[in-house]
Amino acid sequence: MTVRVVLADDQTAVRAGFRALLDLTDDLVVVAEAADGAQAVEAVRLTRPDVVLMDVRMPGVDGLEAIRRIAADPALDVVRVVVLTTYEIDAYVFEALRHGAAGFLLKDIEPDDLRAAIRTVAAGQGLLAPAVTRAVVEEFARLKSPEAAGAERLAVLTEREREVLTLVAAGLSNEEIGRDLRMSPLTAKTHVSRAMTKLGARDRAQLVVLAYETGLVRAGER
């Protein structure tokens, strides 16, 4: 399968660097570039890529607004956005996860890790395995009080789905959730998918944010 990628960054050199890395592979192809959020949204609507590498700090329409627009468009439901950032602990990154980003990558990422990450996101798995992603969510969860309506939002979940959501927020894979709850990885995946549907989450990254925001999981706790 060829993974189609859109690069969105206001620095020409950054886009050129990422394009050069991706051009070295047969299964990853850059279909468009954008210098700001407005161009990024337009490029995504025109090319319907699998993955967007999105810088959040861009002039005019920034990456956060671009992510909101992409996430709000039903026609772009299968597009996955990965945030490009210079800093691991960044309020912009947390907001990007809240609004639908599938994860984030540091701009100095190793070439092989970059390619692997794009393939992972394109396969619908999200980028929640690295501990640093959970560190970002926990850091900003500490700064925000859980929503008063947290219990109401989670009322649509079954008890088992709540348990699964707790483990997703801890960064566990479907295989690990299955072992923890004594179920098959496929059953765990089904519970994760149902929780995403009921809560209106695009992917596992948003499930993690929701778990913290609603108070189901608290910073520093499993």
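Before any of the text, the structure's been laid out above.
Everything numeric in this text was worked out from a predicted model, so none of it was measured.

## As for the nonpolar core
Within the largest apolar cluster, 28 residues are counted, with the highest numbers of intra-cluster contacts made by V52, M54, I67, I70, V83 and A96. Secondary structure elements with two or more residues in this core: β1 (3-8), β2 (28-34), α2 (37-47), β3 (51-55), α3 (63-72), β4 (80-85), α4 (91-98) and α11 (204-213). Among the nonpolar cores identified, the runner-up in size contains 23 residues, and L165, M183, V192 and A195 belong to it.

## Details of the packing of helix α1 (residues 12-22) against helix α5 (residues 111-122)
If you want to describe how two helices pack, look at the angle between their axes and the distance between the axes. Closest axis-to-axis distance for the α1/α5 pair is 10 Å, and the angle between their directions is 80 degrees. Our classification of the angle between α1 and α5 gives roughly perpendicular. Contact residues: α1 offers F18, L21 and L22, while α5 offers P111, L114, R115 and I118. Counted by class, the contact of α1 with α5 contains 6 nonpolar, no polar and 1 charged residues.

## A word on the environment of A188
You can see A188 is positioned in helix α10 (residues 185-199). A188 has contacts with V164, N174, I177, G178 and M183, leaving out every residue within four places of it along the chain.

## Digging into the packing of α2 against α3
Interhelical geometry of α2 versus α3 gives an angle of 25 degrees and a closest axis separation of 8 Å. Relative to α3, α2 is oriented roughly parallel. You can see that α2 and α3 cross each other, and the crossing is right-handed. Residues G37, V41, V44 and R45 of α2 form the contact with α3, whose own contacting residues are A66, R69 and I70. Here the contact of α2 with α3 is composed, by residue class, of 4 nonpolar, 1 polar and 2 charged.

## Focus on the sheet that holds strand β5 (residues 103-106)
Reading across from one edge, β2-β1-β3-β4-β5 is the order of the 5 strands in this open sheet, with parallel pairing throughout. In the strand order of this sheet, the two ends are held by β2 and β5, each with one partner. Strand-to-strand, the axes of this sheet are offset by a mean angle of 25 degrees, without reference to chain direction. One ladder, built from 4 bridges, connects β4 with β5; its direction is parallel. Looking at the pairing, V82 lines up with G103 of β5. Against the sheet, α5 engages β1, β2, β3, β4 and β5, with an angle of about 120 degrees to β3.

Basis of the calculations
- Residues numbered from 1 in each chain as written.
- Predicted model: local features only at pLDDT ≥ 70, side-chain atom pairs only at ≥ 80, totals over all residues.
- Heavy atoms only, no water.
- Core = buried A, V, L, I, M, F, W, Y, C linked by side-chain atoms within 4.5 Å.
- Buried < 20%, exposed > 50% of the residue type's maximum accessible area, 1.4 Å probe, protein only.
- Helix = DSSP H or I, 4+ residues; strand = E, 2+ residues; numbered from the N terminus.
- Axes fitted to C-alpha atoms, helices over the stretch in contact; angles between N-to-C directions.
- Parallel < 35°, antiparallel > 145°, perpendicular 65-115°, else oblique.
- Contact = heavy atoms within 4.5 Å.
- Nonpolar A, V, L, I, M, F, W, Y, C, P; charged D, E, K, R; others polar.
- Left-handed = near helix turned anticlockwise from the far one by under 90°.
- Pairing = 2+ DSSP bridges.

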